[in-house]
Structures are given as structure tokens and as C-alpha cells.
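# An overview of the molecular structure
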Amino acid sequence: MKTRLLGVDEIDVAADMIRRGGIVGMPTETVYGLAASAFNETAVANIFVAKGRPQDNPLIVHIASLDTLYELCESVPDVALEVAKRYWPGPLTMVFKKKPVVPHCVTAGMDTVAVRFTAHPVAQELIRRSGLPIAAPSANVSGYPSPTTAAHVMRDLSGKIDAVIDGGSCECGVESTVLSVFGQPRLLRPGSVTLEQLREIVPDVVVDKALRGEVRDDEKVSAPGMKYRHYAPSAPVVAVCGSVKASAEYILREMKAGELCICYSDCVSLFENRLCVEFGKSDDKEALARGIFGALRKADELSPTRIYVQCPDDGGVGLAVANRIKKAAGFNVVDADGVLSCL
Ligand code: TXA
Ligand code: MG
């Protein structure tokens, strides 16, 4: 199959593909998604095949109006409406009890469904023109960093999908925050809507344990996607936490020939004559979020034998960035502050 690269003035073409059961890469404000009709089981099955995605990992259903939420979900708790009022449309997904109309292949057999009202004008227009709720995981090969440009999608999926709409670079750069509102409110995946922001509306929100460490394959987790090694280049990755100075010094000390560092822009000069890729200024966590997946991809292209990544603290969007870095590292995490204080 030849994959067409479409402009943002060709949303009609993409909508037509989706209505006919095709699969299309679409920009959202978080990352690019691989879109298909949530009601077409063959198209949904094709998403899993194109990505090489494990069958037990459910998809997010994207909507462009609140009416569709009620069509898909059995009950919409008040707390969800409060959160929606503030953060929808936006980089936030909520998990609800599903109605029978949502096919099991979308939810991987679960009786809940993850729903996101995206703010991206192109995605919204695509959903409206196709007239369907749209199931879409991130448009990367499973296990690889999520795509934040149309070129990333082409690199991973060209020849396997019908088209990609090129909407430029994604504004957030990390995938949506996932909040379960089915029962006790639970943060399943951190994103650009931060834990601090959620706590203002949902003071009793709990943080899922999968966010803190690796989950064994046989363990049951609330968001199945959280248990897989993710965002991972081929080389082993080491996440180096701690202050800007301590993490840079630790990496400079440990790094050997052929190894690479993904560093803060303000540390680039320290890594002169070494393999390094920058991903944003240390004091601008939004920039780090925008840059992390592109940096992981770029690092991978340079075929290093190991990748060290400077990892921000958990405040604000830092929680999401650090989570993606730690997952890429398979939770191989070093605390550079701790290491230095031991010396
Ligand atoms: O920003 C995003 O969320 C992007 C764009 C395209 O919307 N999508 C995305 O999808 O990141 P994906 O499939 O790569 O990640 C969805 C995550 C997975 O961890 C999955 O396990 C979880 O959401 N998820 C989906 N349905 C769920 C459900 N019913 N219950 C719990 N977790 C669910
Ligand atoms: Mg994904």
C-alpha cells in the first residue's frame, strides 16, 4: 500500500478514507494518532497490525462533541464533568464505563472506554467530517517513541497505512494525561494536564503504582499500556535524575566512546566533542515535553551503544517527561544527587 501524505486542506480525503474503513495518521496537540472508525472492527484490527500492538492494550476513542461522550459511556460521573469543563477540549483522556455500542476490540475486552476530546483543529475537523468517533493510539510502531511530526509517522508506518495528514509539530509533545473516573479517580498516565492541576478539581485523585516502577508482565494494571517497555530506542537507556549540574557531571564521568547523552540545551557546551542531542532548556519543562520523543528518535538514528538522559524532577509537566524517560530506560534510573553526596 502506498501511504499518501495529505495537507491540512485535504481533511475531506482523510475523512472519506476513514468512512471506508481506512487508517490515517492525524495530528493532535499531544502526539500524532493513528485514526480509524471506532465502530469498524476490521479497521480497528488493522491498527493493531500496522503498529504491531499487543492485543490486550486498549485504544483511546476521540470525540469532537460532548454528545458523543454520552453515546459511548454508560455513566458520566460529576467529577468527570468538572474536569471536562476545565480541560476539554485538550490533552486529557478519561476512562469511563462503556456502553455495549463500543466494540470489544477497541477496549481490548475491558468494560471501560478511554475517551479524549482533542483540541487540535485538524483532528476535530476530521472527526466531524467522518461523522464517527475515532479510535486512535499513538501513530508509532509499538514500543517506539511516539511521533510528534508527520515525518516520524511516515518513518514508522509508511506502506502500512492509507495516509498521514501533515499538521506540523505537536504542541505538547507527550501523550495525553489519562485519568480514570470509573470508581476512585486515578491518574493512569501523566501528561500536559498536570497532577497538581487535577488535584485542584479532584483532591482525592490517586496515582497509579505503574507510574512509579516497572510492572511485571503477569501483573494486572489499570492501563494495560503502562506495563510495556516504551519509547525505547535500540540502545540501553539510563535516566539520570538530580540537579542540572549533578546529572551533567555524573554523565560526563560515566560516558564512554560510542555512548550518547540527551541533555538540556543549557548543558550542550559541557558535552563538546561527545555524542549529544539536546531536548530543551532545563527550566522549561514544556519545551522538554515537546522535545523528548524527537530526541530519543534522533539519538537512535546515531546508533550509540548507550544513551544517558538528563531527567527533570516530577513537578508540573516534569512528571510526564520523567515518566517517559524512565520508561524508555526500563526504569534504569540513577539519582545523581545521591551519587554525589555518597562520594
Ligand atoms: O495523546 C494521546 O493520548 C495519543 C493521541 C493520539 O490521542 N494517544 C495515545 O494512545 O497515546 P496510546 O494507545 O498510545 O495510549 C493509550 C493509553 C494506553 O496506556 C492504554 O493502555 C490506556 O491509554 N487505555 C486505553 N483504554 C483504556 C481503558 N479502557 N482503561 C485503562 N487504560 C486505557
Ligand atoms: Mg502509544
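Whatever comes next refers back to the structure up there.
One structure accompanies this document, and this report is about it. Not measured: the values here are computed from a predicted model.

## Some details on the pattern of salt bridges
- Going through the model one piece at a time under the given rule, you end up with 16 salt bridges.
- Of the charged contacts, one joins arginine 129 and aspartate 12 as a salt bridge, the two residues approaching to 3.2 Å between their closest N and O atoms. Separated by 117 residues along the polypeptide, arginine 129 in helix 6 (residues 121–130) and aspartate 12 in helix 1 (residues 11–19) bring together distant segments of the chain.
- What makes aspartate 12 partly exposed here is its relative accessible area of 47%.
- Note that arginine 129 is salt-bridged to glutamate 125, the shortest N-O span being 2.9 Å. You can see arginine 129 and its partner glutamate 125 sitting in helix 6, four residues apart, about one turn around the helix.
- Arginine 129 sits in the partly exposed class, given a relative accessible area of 36%.
- The partly exposed category is assigned to glutamate 125, whose relative accessible area is 25%.

## Observations concerning the site of ligand 1
- Taken together, 26 residues surround ligand 1, and among them Thr30, Asn57, His62, Arg116 and Ser176 come closest.
- Surface burial for ligand 1 is 97%, taken as the share of its 680 Å² of free accessible area covered by protein chains.
- Contributing elements (two or more residues each) for the shell around ligand 1: strand 4 (60–63), strand 7 (112–117) and strand 11 (186–189).
- For the shell around ligand 1, the element with the most residues is strand 7, which contributes four residues.
- Grouping the amino acids of the shell around ligand 1 by side-chain chemistry returns 13 nonpolar, nine polar and four charged.

Parameters at a glance
Residues numbered from 1 in each chain as written. Chains lettered and ligands numbered in written order. Predicted model: local features only at pLDDT ≥ 70, side-chain atom pairs only at ≥ 80, totals over all residues. Heavy atoms only, no water. Salt bridge = Lys/Arg side-chain N within 4 Å of Asp/Glu carboxyl O. Helix = DSSP H or I, 4+ residues; strand = E, 2+ residues; numbered from the N terminus. Buried < 20%, exposed > 50% of the residue type's maximum accessible area, 1.4 Å probe, protein only. Near = heavy atom within 4 Å. Areas by Shrake-Rupley, 256 points an atom, 1.4 Å probe, with all protein chains shown as cover. Nonpolar A, V, L, I, M, F, W, Y, C, P; charged D, E, K, R; others polar.

Interpretation in functional terms is not warranted from these geometric data alone.
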